[in-house]
Amino acid sequence: MSEVVEGGVTAGSLLREARQAAGMHIAALAVALKVPVSKLEALEADNYAALPDTVFVRALASSVCRTLKVDPAPVLSLLPQSQSPRLSTDSAGLN
């Protein structure tokens, strides 16, 4: 479910390490972000099925990075990407 680079590093493990390095408890981070602890635990465990969708996963990870003052690029590169919505091509016009 989660993408893993060499060495077994996942987005969740990067976020957990950054939070622990900052000395912040997961409950304190949840309060700062105004999200349930369970959502952060799911994110750190790379359990994306417990989270609403990929847009939420990426937004939450980005918010965690911003709060912990770490670069979000390495974390976001390991997260699943949502598919762009496909617009139908209709040559009939509006009327």
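For the structure given in this document, a descriptive report is provided here. (Residues numbered from 1 in each chain as written. Predicted model: local features only at pLDDT ≥ 70, side-chain atom pairs only at ≥ 80, totals over all residues. Heavy atoms only, no water.)

### Remarks on the packing of helix H2 (residues 26-33) against helix H3 (residues 37-44)
The contact between H2 and H3 brings their axes to 9 Å, and the two run at 115°. Between H2 and H3, the interaxial angle falls into the category roughly perpendicular. Handedness of the H2/H3 crossing: right-handed. Counting all contacts with H2, which are made through Ile26, Ala27, Leu29, Ala30 and Leu33, the residues of H3 involved are Val37, Leu40, Glu41 and Glu44. Residues that form the contact of H2 with H3 fall into these classes: seven nonpolar, no polar and two charged. (Axes fitted to C-alpha atoms, helices over the stretch in contact; angles between N-to-C directions. Helix = DSSP H or I, 4+ residues; strand = E, 2+ residues; numbered from the N terminus. Parallel < 35°, antiparallel > 145°, perpendicular 65-115°, else oblique. Left-handed = near helix turned anticlockwise from the far one by under 90°. Contact = heavy atoms within 4.5 Å. Nonpolar A, V, L, I, M, F, W, Y, C, P; charged D, E, K, R; others polar.)

### With respect to unusual backbone geometry
One non-glycine residue, Lys34, lies in positive phi territory at about 60°. Examined against the element boundaries, Lys34 turns out to sit in the loop between H2 and H3. Residue classification places Lys34 among the exposed residues on the basis of a relative accessible area of 76%. The phi dihedral of Asp46 is positive, around 60°, even though this residue is not glycine. Examined against the element boundaries, Asp46 turns out to sit in the loop between H3 and helix H4 (54-68). (Buried < 20%, exposed > 50% of the residue type's maximum accessible area, 1.4 Å probe, protein only.)

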